[in-house]
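Structural characterization, general
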Amino acid sequence: MGDKTDIKSLTPKQLEEFFVGMGEPAFRARQVFSWLHKGVCSFDDMTNLPIGLREKLKNNCEIICPIIKKKLVSEVDDTLKYLYGFSDGENVESVLMSYHHGNTICISTQAGCRMNCAFCASSLKGLSRNLTPSEMLSQVLTAQIDSGRRISNVVLMGIGEPLDNYDNVLTFLKILSAPGGINIGQRHISLSTCGVVDRIYDLMEEKLQLTLSVSLHAPNDEIRSRIMPINKKWKVDELLKACRDYTAATKRRISFEYALIAGVNDTPECARQLSAKLRGMLCHVNLIPANEVKERGVKRSSSAAVKRFYDILSGCGITVTIRRTLGSDINASCGQLRFQHGTEQGGN
Ligand code: SAH
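Residues numbered from 1 in each chain as written. Predicted model: local features only at pLDDT ≥ 70, side-chain atom pairs only at ≥ 80, totals over all residues. Heavy atoms only, no water.

Comments concerning helix α10 (residues 268-278)
Our working definition: Accessibility here uses a 1.4 Å probe with only protein chains present; expressed as a share of the type maximum, an area under 20% marks a residue as buried, one over 50% as exposed, and anything in between as partly exposed. Under the scheme used here, helices are H or I runs from DSSP no shorter than 4 residues and strands are E runs no shorter than 2 residues, and both carry numbers assigned from the N terminus. Directions from the helix axis toward the C-beta atoms define the arc. In this description, contact between two residues means that some pair of their heavy atoms is separated by no more than 4.5 Å.
Those residues of α10 lying buried are Cys270, Ala271, Leu274, Ser275 and Leu278. Take α10 and look down its axis: the buried residues cluster within an arc of 135°, on one side only. Turning to α10, the residues buried within the fold contact α7 (221-227), α9 (236-250), β12 (254-260), β13 (283-289) and α11 (303-315).

Here's the deal with the UniProt feature "binding site: [4Fe-4S] cluster" (unreviewed entry) in the protein
So the rule is basically this: UniProt positions are given in the numbering used here, feature names are shortened, and annotations may be inferred rather than shown by experiment.
In the numbering adopted here, UniProt assigns the feature "binding site: [4Fe-4S] cluster" (unreviewed entry) to Cys113, Cys117 and Cys120. Examined against the element boundaries, cysteine 113 turns out to sit in the loop between β7 (110-112) and β8 (127-130). Discounting residues that sit within four places of it in the chain, cysteine 113 has contacts with Ser122, Ser123, Gly126, Leu127, Gly160 and Glu161. Relative to the helices and strands, cysteine 117 is located in the loop between β7 and β8. When residues no more than four places from it in sequence are discounted, the contact partners of cysteine 117 are Ser123, Ile227, Met228, Pro229 and Arg296.

So, the packing of aromatic side chains
Put simply, the rule reads: Note on aromatic contacts: the rings of Phe and Tyr and the six-membered ring of Trp form a pair at centre separations within 6.5 Å, being stacked when their planes are under 30 degrees apart, edge-to-face when over 60 apart, and tilted otherwise. Two limits define a charge over a ring: the Lys NZ or Arg CZ must be within 6 Å of the ring centre, and within 35 degrees of the ring normal.
Under the defined criterion, the tally for this structure stands at three aromatic pairs. When the ring of phenylalanine 18 is compared with that of phenylalanine 19, the centres are 6.1 Å apart and the planes differ by 75°; the resulting orientation is edge-to-face. Phenylalanine 19 shares its class with phenylalanine 18; the two are buried. When the ring of tyrosine 82 is compared with that of tyrosine 84, the centres are 5.6 Å apart and the planes differ by 5°; the resulting orientation is stacked. The pair tyrosine 82 / tyrosine 84 is uniform in exposure class, with both members buried. Here the guanidinium or amino end of lysine 38 rests over the ring plane of tryptophan 35, the centre of that ring lying 5.1 Å away.

Put into structure tokens, the structure is as follows:
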């Protein structure tokens, strides 16, 4: 990234300190913050700054803006999928979905992933690198400008494990919800984790109002350890304890993701075990008929198995929904496009 300051990765407070440190008044920081969040990629476009300041900023700072390498438009719904390229050749994906309550973007937090879940396309080539706050923010800003759709919700559910890139993700969240910029309220942000328990406790301390999603995908250690290596480090009961503690500390309902994979985790017995584990918790279960990833040999559960699973959970008083599939014609689930493309250098 060179020696220049990555100006879009600075929080409003850091930006102000940066300007004051250059001998500039603090209000200039607020002007620049506002321009950056309008998606401006050149200091020359910041027309209310004196020319001399623009030159100074050009010499000392860089504005990270990805290029759109590919854009897919779903013909069945309005879902858009972007493949973004960064200057070092890395690619990541974002998906923009339209719901009646607004436009939600699903963004990536890492180029690749090292969690290696058995059903997931994102870690097929391992982790290349963490994304910077600016690279996460740019996914939101670029999609908003390109699509002309105002983005109201952001979910950290694309490629990567957000809690494996903790500091950058936290900085990004601060920038995303700061007044004076794109200003997306924490209640409109979801963070999804495969269950990095120590970081769930760290996040708890931040007392954020975002929604924590936990990718559970199995009701017991036998199945979960088989499909999610993270479970070898933190067992189901440890993870669920962290979730209960998180809810007690933040008063926020946890959302559990459960991808139904044929013959793996979709039996009535699994549904009964899951109901027993979650009884009494302030939570919501999101059932996702698994996306079939050829390289992983994943088979989606039949709609009868999905319905049966749903009925058992809701019969036990668990709040449960079946996720609507969006963008099914454009491979809208993340990881697949990046995998097909590799990097500019030909992948790793
Ligand atoms: N690392 C984070 C966020 C990225 S994955 C996490 O694990 O939560 C976003 C969601 O997609 C996770 O719930 C993940 O388990 C799920 N997912 C991955 N591959 C899938 C597949 N083939 N079918 C359905 N869901 C899948």
